[in-house]
Amino acid sequence: PNGSRLFFLDKEVTDDTDHLLALGNPERKGGGANLVFAEKEVASIAGRFSRPEVRIGAEATESALKQSDLLGRGVLHIAAHGRYDRKEPLKSALLLAPDGEDDGDLEMVEVFSLRMNPRLVVLSACESGIGTLDGGDEVQGMNRAFLYAGAGGVLASLWSVSDESTYLLMERFYRALEERPATEALRAAQLQVMETFPAPFHWGAFYLTGGALRR
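Here goes a summary of the coordinates provided.

What counts, and at which threshold
- Residues numbered from 1 in each chain as written.
- Predicted model: local features only at pLDDT ≥ 70, side-chain atom pairs only at ≥ 80, totals over all residues.
- Heavy atoms only, no water.
- Pairing = 2+ DSSP bridges.
- Helix = DSSP H or I, 4+ residues; strand = E, 2+ residues; numbered from the N terminus.
- Axes fitted to C-alpha atoms, helices over the stretch in contact; angles between N-to-C directions.
- Phe/Tyr/Trp six-rings, centres within 6.5 Å; stacked < 30°, edge-to-face > 60°.
- Buried < 20%, exposed > 50% of the residue type's maximum accessible area, 1.4 Å probe, protein only.
- Polar contact = N/O pair within 3.5 Å; in protein donor to acceptor, adjacent residues only side chain to side chain.
- Contact = heavy atoms within 4.5 Å.
- Salt bridge = Lys/Arg side-chain N within 4 Å of Asp/Glu carboxyl O.
- Arc of directions from axis to C-beta.

Re the sheet that holds strand β5 (residues 93–95)
Okay, step 1: Strand order in the open sheet formed by 3 strands is β4-β5-β6, and the pairing between neighbours is antiparallel. With one partner strand each, in any of the chains shown, β4 (81–83) and β6 (105–107) form the two edges of the open sheet. Each neighbouring strand pair of the sheet contributes to a mean axis angle of 25°, computed without reference to strand direction.
Okay, step 2: Pairing of β5 with β6, which is carried by 3 bridges, proceeds in the antiparallel orientation. Residue pairing for β6: Leu 95 is matched across the bridge by Asp 105.

Observations concerning the packing of aromatic side chains
The relative placement of two aromatic rings is captured by the distance of their centres and the angle of their planes.
Okay, step 1: Taken as a whole and judged by the stated rule, the model has 4 aromatic pairs.
Okay, step 2: An angle of 35° between the planes, with centres 5.7 Å apart, marks the rings of Phe 37 and Tyr 167 as tilted. Linking Phe 37 in helix α1 (residues 36–46) with Tyr 167 in helix α5 (residues 163–177), this pair joins segments that are 130 residues apart in sequence.
Okay, step 3: Under the relative-accessibility criterion, Phe 37 is labelled partly exposed at 23%.

Examining the sheet that holds strand β1 (residues 19–24)
Okay, step 1: Taken together, the 6 strands give an open sheet; going across it, the order is β2-β1-β3-β7-β10-β11, and neighbouring strands pair in mixed fashion. Edge positions in the open sheet fall to β2 (51–56) and β11 (206–210), since each of these has one partner strand only. The average angle at which neighbouring strand axes cross in this sheet is 10°, direction not considered.
Okay, step 2: Pairing analysis gives 5 bridges linking strand β10 (residues 153–157) to β11, with the strands arranged antiparallel. Residue pairing for β11: Gly 153 is matched across the bridge by Gly 210.

Thoughts on the side chain of Ser 165
Okay, step 1: Following the sequence through the fold, Ser 165 ends up in helix α5.
Okay, step 2: The buried category is assigned to Ser 165, whose relative accessible area is 0%.
Okay, step 3: A distance of 3.2 Å separates a polar atom in the side chain of Ser 165 from a polar atom in the side chain of Ser 162.
Okay, step 4: The residues touching Ser 165, leaving out its near neighbours within four places in the chain, are Val 193, Phe 197 and His 202.

Brief notes about unusual backbone geometry
Okay, step 1: A positive phi angle is found at Asn 25, which is not glycine, with a value near 45°.
Okay, step 2: Mapped onto the secondary structure, Asn 25 falls in the loop between β1 and α1.

Considerations on the pattern of salt bridges
Okay, step 1: According to the stated counting rule, one finds 12 salt bridges in the structure shown.
Okay, step 2: Across the salt bridge formed by Arg 48 and Glu 171, the nearest N and O atoms sit 3.4 Å from each other. In this pair, Arg 48 sits in the loop between α1 and β2 while Glu 171 sits in helix α5, placing the two residues 123 residues apart along the sequence.
Okay, step 3: Residue classification places Arg 48 among the partly exposed positions, given a relative accessible area of 22%.

Details of helix α4 (residues 142–149)
Okay, step 1: The buried count for α4 comes to 7 of 8 residues, which makes it a mostly enclosed element.
Okay, step 2: Listed in full, the buried residues belonging to α4 are Met 142, Asn 143, Arg 144, Ala 145, Phe 146, Leu 147 and Ala 149.
Okay, step 3: Looking at the residues trailing α4, positive phi occurs at Gly 150, about 130°.

Side note on α1
Okay, step 1: Looking only at α1, the buried set comprises Ala 38, Glu 41, Val 42, Ile 45 and Ala 46. The buried residues of α1 occupy an angular sector of 125° when projected down its axis, which confines them to one face.
Okay, step 2: Each element contacted by the buried residues of α1 is listed here: β1, β2, β3 (75–79), β7 (120–124) and α5.

Right under this line is the structure:
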C-alpha cells in the first residue's frame, strides 16, 4: 500500500505449507446472496493441503477466525462477501457468519489486532483490496491491515467479483502455487481463466501485496 509497510514485511512468517484455515460462504442473518461457488472453492483448495480446516455456512464465523491459533498456519483463505466503506475505511469488513460472541462483520480495524504469521492471506471477496489515502500517504485497506497483523502476503480484489469465475481463478491459482511463487501462480491462473472468461472483469480484479513466496 505504501513504503512504510515495508517495515511490517520484516516480520518472520511461518515456513508451514501444510496448514490451511478456509472460511467459505458464511451464513448471514437475513439471508443475502448465496455464494455457491465459494463452497466449491474452499473444498477444492482444502484438497491441496495435508492439514486443512474448513468452515462453511453457519460455522464460518467471525469468532472462529478470531479464536483460531493463526500462528504457524501457512495459509488463511476467506471466500465471502466483502463491504468497503469509502467514508470510514476502517469500518470496511469481511462479512462472516454471526454467533453469540460476534456480529459477523470482521472490520478492518479488528484485523489490526489479530496475531498471525501466515505465508499468505487470500481474500476471495468483493473489493477486499481497495484502499483510501489517509494522512497524505497511508492507504487504508484490508491488505494493509493483514500485513500489519503479520501476513507475509495478501491476495485481494479491486472490484465486485463473479462467484463462478473467482472459483475458477482460485482453483487454478492454488494448483500453480504448488510449483511456483505466488506472483507467477496468479499470472498463470489469470491467463487460464482468460481463455474461458475473456473480459478483464473476470480475471483482473485480484492482485498480490507483500511477499512473493513459494507455497
